[in-house]
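# Structural description and commentary
So the chains spell out like this:
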Amino acid sequence: MPPSVTHIRSVTEAYLARHPDERDSLTLLFSALAASDDPTNRKTYPAHVTCSAILIDGDRRVLHIVHKASGKLLAPGGHNEPDDRHLHDAALRELHEEAGIPPSAVVPLSGYEDVPFDIDVHAIDANPSKDELAHHHVDFRWAFHLGAEHVVTLQEEEVDGYEWRPFTSAASPSVRAKLALLT
């Protein structure tokens, strides 16, 4: 069973308690939560929820992967699946699927066990080959430490490469700003 609207709303409110200035940027999320469609379903338009893993190693670097679909260097992540009961479950599953790093090799960033590190809303172009309209992803980004040495093993169907980037070079400006605040 995918994450419930109640779970998504609760997680969002916990996040906004830390970042109240970001409430206006989440208007599309609140609209999706108020609608009758499942906000985690990839066919819910004009916006639906996705989840990503911000994976931090011992050298204060963040894992980025190159997604074939977009060609962009991003955190491992993607759409929720029916077996993802909680939002962070989707981020952990995507990390394992795309980078080969199992949930047992990571630990949540202290203080972010139940609260996303970042929530970002970004536009996605239409993809006629997948019968997808232009829409928005509301990406819940969960932060984890690499707790055990583990080799990145890419899912070749969806991923072209990877990089470990220092905090100051994280691809997402909002994640980069929040990483800068970590001690």
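Structure first, text after, so check above.
Below, the structure is looked at part by part. None of these values were measured; they are calculated from a predicted model.

## Some thoughts on the packing of helix α1 (residues 5-18) against helix α2 (residues 27-34)
- At a closest axis distance of 10 Å, the pairing of α1 and α2 adopts a crossing angle of 155°. When the axis of α1 is compared with that of α2, the two are roughly antiparallel. Our pair here, α1 against α2, has a crossing hand that is left-handed. Residue-level contacts link Val-5, Ile-8, Arg-9, Thr-12, Glu-13 and Leu-16 of α1 to Leu-29, Phe-30, Leu-33 and Ala-34 of α2.
- Looking at the contact of α1 with α2 residue by residue, the classes come out as seven nonpolar, one polar and two charged.

## Concerning the side chain of Thr-44
- Mapping Thr-44 onto the fold places it in the loop between α2 and β1 (47-56).
- There is a polar contact of 2.6 Å between the side chain of Thr-44 and the backbone oxygen of Asp-38.

## What to know about the layout of surface pockets
- The volume enclosed by the largest pocket comes to roughly 1,200 Å³.
- Of all the elements in the fold, those that place two or more residues in the lining of the largest pocket are β1, β2 (61-67), β3 (73-74), β4 (77-79), α3 (87-99), β6 (118-124), β7 (135-146) and α4 (173-179).
- Residue composition of the lining of the largest pocket, by class: 15 nonpolar, 14 polar and 16 charged.

## A few points about the environment of Ala-99
- Looking at where Ala-99 falls in the secondary structure, it is placed in helix α3.
- On the accessibility criterion, Ala-99 (0% relative accessible area) is buried.
- Each C-alpha atom of the pair Ala-99 and Gly-111 lies 24 Å from the other, and the pair is twelve residues apart in sequence.

## A short note on the packing of aromatic side chains
- Summed over the entire model, instances satisfying the criterion amount to one aromatic pair.
- Sitting over the ring of Tyr-112, Arg-18 keeps its end group 4.6 Å from the ring centre.

## Focus on the environment of Ala-105
- For Ala-105, the position within the fold is in the loop between α3 and β5 (106-108).
- Classification of Ala-105 by relative accessible area gives buried; the value is 5%.
- Ala-105 sits 41 residues away from Leu-146 along the chain, and the two C-alpha atoms are 6.1 Å apart.
- The residues contacting Ala-105, other than those within four sequence positions of it, are His-145, Leu-146, Gly-147, Ala-148 and His-150.

## Concerning the environment of Asp-131
- Here Asp-131 is to be found in the loop between β6 and β7.
- Here the alpha-carbon distance between Asp-131 and His-64, two residues 67 residues apart in the chain, equals 27 Å.
- Sequence-distant contacts of Asp-131, that is, excluding residues within four places in its chain, are made with Lys-43 and Tyr-45.

The rules behind the values
- Residues numbered from 1 in each chain as written.
- Predicted model: local features only at pLDDT ≥ 70, side-chain atom pairs only at ≥ 80, totals over all residues.
- Heavy atoms only, no water.
- Axes fitted to C-alpha atoms, helices over the stretch in contact; angles between N-to-C directions.
- Helix = DSSP H or I, 4+ residues; strand = E, 2+ residues; numbered from the N terminus.
- Parallel < 35°, antiparallel > 145°, perpendicular 65-115°, else oblique.
- Left-handed = near helix turned anticlockwise from the far one by under 90°.
- Contact = heavy atoms within 4.5 Å.
- Nonpolar A, V, L, I, M, F, W, Y, C, P; charged D, E, K, R; others polar.
- Polar contact = N/O pair within 3.5 Å; in protein donor to acceptor, adjacent residues only side chain to side chain.
- 1 Å grid on protein atoms, 1.4 Å probe; cavity = no way out; pocket = protein on both sides within 12 Å on 5 of 7 lines; lining within 4 Å.
- Points joined across faces, edges and corners; volume = space filled by probe spheres on them.
- Buried < 20%, exposed > 50% of the residue type's maximum accessible area, 1.4 Å probe, protein only.
- Phe/Tyr/Trp six-rings, centres within 6.5 Å; stacked < 30°, edge-to-face > 60°.
- Lys NZ or Arg CZ within 6 Å of the ring centre and 35° of its normal.

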